[in-house]
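Below, each chain spelled out in residue letters.
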Amino acid sequence: MTASQNDRVYERFQLIVNGPALFNAIVTGLELDVFRHLRDNPDADFEQLRLFTGLPAHSLRVLLLALTATELVTKRDGRYRNSAVADETLAEERPDSWRETLIGWRRFQYPAFPHATSALRAGRNTALEAFPGAGDTLYARLAHDPRLVAAYHDSIAPFTHLFVTGLLDNPELSSVRHLLDVGGGDGTTAIRFARRFPEAEVTIFDMPAVAEHAEVAVPADLADRIRLHPGDLFTDEFPEGVDGVLFSHVLEPFGARQNVELLTKALRALPSGGRIFAYGLTAPDDEDGGLLAARLSLYLNVLVSVGGLAHPAKDYERWLWEAGAAGVKSFTGLPYEHGLVVGTKG
Ligand SMILES: C[S@@+](CC[C@H](N)C(=O)[O-])C[C@H]1O[C@@H](n2cnc3c(N)ncnc32)[C@H](O)[C@@H]1O
């Protein structure tokens, strides 16, 4: 055995380079409902799995070889079981299950990555050409088709559920009476915020096609506290009458100039003492490390927009000062590589 075979970096290298094939095997397992079946039938044997999946025996052999290689499924004495991680992340009917997210990554994100070299060379999201229509961001292209809007937001909602806890648990948010959720998407964050703070109201600002999608998702008992305000981030003013403006996973797709413009506009909509919350995947200030931050940054630049990054907190701090905020505070190291930067209007 060579030194490199004992090395942690070598082990990561092996996982990463074999990852695309194994990732797709996991999604196939999801599409064939293998993980739910194994949750309900632990210790199923090959024949039970063959009858359940309807796959030809040889195909099932190939799939199970891949799933056991991931260790999400284990095999003992010819019987198969989910690992605890598979039970928790892939089999449960929970709003934060990774199931729809991974299916969405396969559909929307991973077909774009082979364009990485051309996109990085060109300095623009060249993979966008796969989505017909006008507009130079993925969001603008999706907005042409309500079915795409629905599928895209179904795929990101579980991650929003998973990530939103780091935001809602931060005491800075608890005194907000009326939150403007800019780029609020399908309303997942607004609903979780309204449930956590029963006295507060939320206005979701998003593109008209997305606002229509969100409107149906708002439960009847929250309809008097969650409102929709369709509009364009860059061409429309934000509605006033709010005391907090949230950008949750909305500033990562854009670069410095656009983000200062958005933060300036948010400050304009706020009264004195009102606060801006910039929340999202945040690379460390020294930009070293972070799998989720690295993956998101590549995906943004290859497919979504120009200038995107899991911006480090120091960038948000600088932009908030430039926009004219009177005080700025950062909370970094939140779960799932997240950070929150809060700016106050003087
Ligand atoms: C990554 S999603 C974030 C959704 C949600 N805030 C969350 O935390 O999961 C970005 C959102 O920004 C919205 N968005 C992007 N460009 C926009 C624009 N020009 N005008 C309005 N909304 C926009 C998208 O429609 C989408 O809902």
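In this numbering scheme, every chain counts its residues from 1 along its sequence in written order. pLDDT decides what is reported in this predicted model: residues at 70 or higher carry local features, side-chain atom pairs at 80 or more are listed and counted, and totals for whole chains, interfaces and linings draw on all residues regardless. Each side-chain value is worked out from all heavy atoms of the structure, with water and hydrogens disregarded.

Asks: Outline the pairing of strand 2 (residues 73-76), supporting the account with residue identities and numerical values.
Replies: Pairing of strand 2 with strand 3 (residues 79-82), which is carried by four bridges, proceeds in the antiparallel orientation. Counterpart to threonine 74 in the pairing with strand 3 is arginine 81. Strands pair, by our definition, only if DSSP identifies at least two bridges between them. For helices the rule is a DSSP run of H or I covering at least 4 residues; for strands it is a run of E covering at least 2, with both sets numbered from the N terminus onward. Taken together, strand 2 and the strand that follows it, strand 3, pair antiparallel across an intervening segment of two residues, in which aspartate 77 is found at a positive phi of about 50 degrees.

Asks: I'd like a description of the UniProt feature "domain: O-methyltransferase C-terminal" (unreviewed entry) in the protein, backed by residues and values.
Replies: UniProt positions are given in the numbering used here, feature names are shortened, and annotations may be inferred rather than shown by experiment. In this structure's numbering, the residues bearing the UniProt feature "domain: O-methyltransferase C-terminal" (unreviewed entry) are residues 117-324. Between the end C-alpha atoms of residues 117-324 there is a gap of 38 Å, over a span that is 44% helix and 13% strand.

Asks: Before we move on, could you go through the pairing of strand 8 (residues 275-281) and cite the residues and values that matter?
Replies: With seven of seven residues buried, strand 8 lies mostly within the body of the structure. Relative to strand 8, strand 7 (residues 244-248) is paired through five bridges, and the arrangement is parallel. Bridged to leucine 246 within strand 8 is phenylalanine 277. Here, the term right-handed applies to a crossover whose path from the first strand over the helix to the second runs clockwise when the strands point away from the viewer. The parallel pair strand 7 and strand 8, bridged by helix 12 (residues 256-269), forms a crossover whose chirality is right-handed. By the bridge criterion, seven bridges tie strand 8 to strand 10 (residues 338-344) in an arrangement that is antiparallel. Residue pairing for strand 10: isoleucine 276 is matched across the bridge by glycine 343. A 1.4 Å probe rolled over the protein chains alone gives each residue an accessible area, and that area as a share of the maximum for its type sets the label: buried under 20%, exposed over 50%, partly exposed in between.

Asks: Got a sec to walk through the domain arrangement of the protein? Specific residues and values, please.
Replies: Segment limits for the domains were obtained from an automatic or database-derived domain assignment. Domains assigned within the protein are domain 1 (3-91) and domain 2 (99-344). Each of domain 1 and domain 2 has a C-alpha centre, and these two points are 33 Å apart. Residue contacts follow a heavy-atom distance rule, with two residues in contact if any of their heavy atoms lie within 4.5 Å. Of the residues lining the interface, 12 residues belong to domain 1; the matching set on domain 2 comes to seven residues. By buried area we mean how much accessible surface two parts lose on assembly, using a 1.4 Å probe and totalling the loss over both. Between domain 1 and domain 2, the buried area comes to about 870 Å², and carbon and sulfur atoms account for 59% of it. One speaks of a salt bridge when a side-chain nitrogen belonging to Lys or Arg is within 4 Å of a carboxyl oxygen belonging to Asp or Glu. Seen at the junction of domain 1 and domain 2, the total is two salt bridges. Put simply, glutamate 31 and arginine 106 hold a salt bridge, and the shortest N to O gap is 2.7 Å. Elements that contribute at least two residues to the side of domain 1 that touches domain 2 include exactly helix 1 (8-31) and helix 5 (84-91). In terms of residue count, helix 1 provides more of the side of domain 1 that touches domain 2 than any other element does, eight residues in total.

Asks: Run through the site of the ligand, naming residues and quoting values.
Replies: For each residue, the test is whether any non-hydrogen atom lies within 4 Å of the molecule or strand; if one does, the residue is near. Neighbouring residues of the ligand: 15 residues in total, closest Thr160, Gly183, Asp206, Ser248 and His249. Between a nitrogen atom of the ligand and a side-chain N or O atom of aspartate 232, the distance comes to 3.3 Å. Serine 248 is positioned with one of its side-chain polar atoms (N or O) 2.7 Å from an oxygen atom of the ligand. Only the protein chains shown count as covering a residue, and every accessible area follows the Shrake-Rupley method with a 1.4 Å probe. Against a free-state accessible area of 600 Å², the protein chains account for coverage of 93% of the ligand. Take the shell around the ligand: its biggest share by element is three residues, from helix 9 (residues 146-168). Partitioning the shell around the ligand into residue classes produces five nonpolar, eight polar and two charged. Any pair of nitrogen or oxygen atoms within 3.5 Å is treated as a polar contact; in protein, a donor-acceptor pairing is required on top of that, and neighbouring residues in sequence qualify only through side-chain atoms on both sides. Throughout, the ten residues Ala, Val, Leu, Ile, Met, Phe, Trp, Tyr, Cys and Pro are labelled nonpolar, Asp, Glu, Lys and Arg are labelled charged, and all others, Gly among them, are labelled polar.

Asks: Now, about the sheet that holds strand 10: what can you tell me, with residues and values included?
Replies: A sheet is described by the order of its strands in space; here seven strands give the open sequence 6-5-4-7-8-10-9, paired in mixed fashion. Strand pairing shows two members of the sheet lacking a second neighbour, strand 6 (226-230) and strand 9 (327-334), which therefore form its edges. On average, each strand axis in the sheet is tilted by 20 degrees relative to the strand beside it, whichever way the strands run. Inter-axis angles, ranging from 0 to 180 degrees, are taken between N-to-C directions of lines fitted to C-alpha atoms, where helices are fitted over the stretch in contact.

Asks: Describe the environment of leucine 15, with residues and values.
Replies: Relative to the assigned elements, leucine 15 resides in helix 1. Spatially, the C-alpha atoms of leucine 15 and valine 306 are 29 Å apart, while their sequence positions differ by 291 residues.

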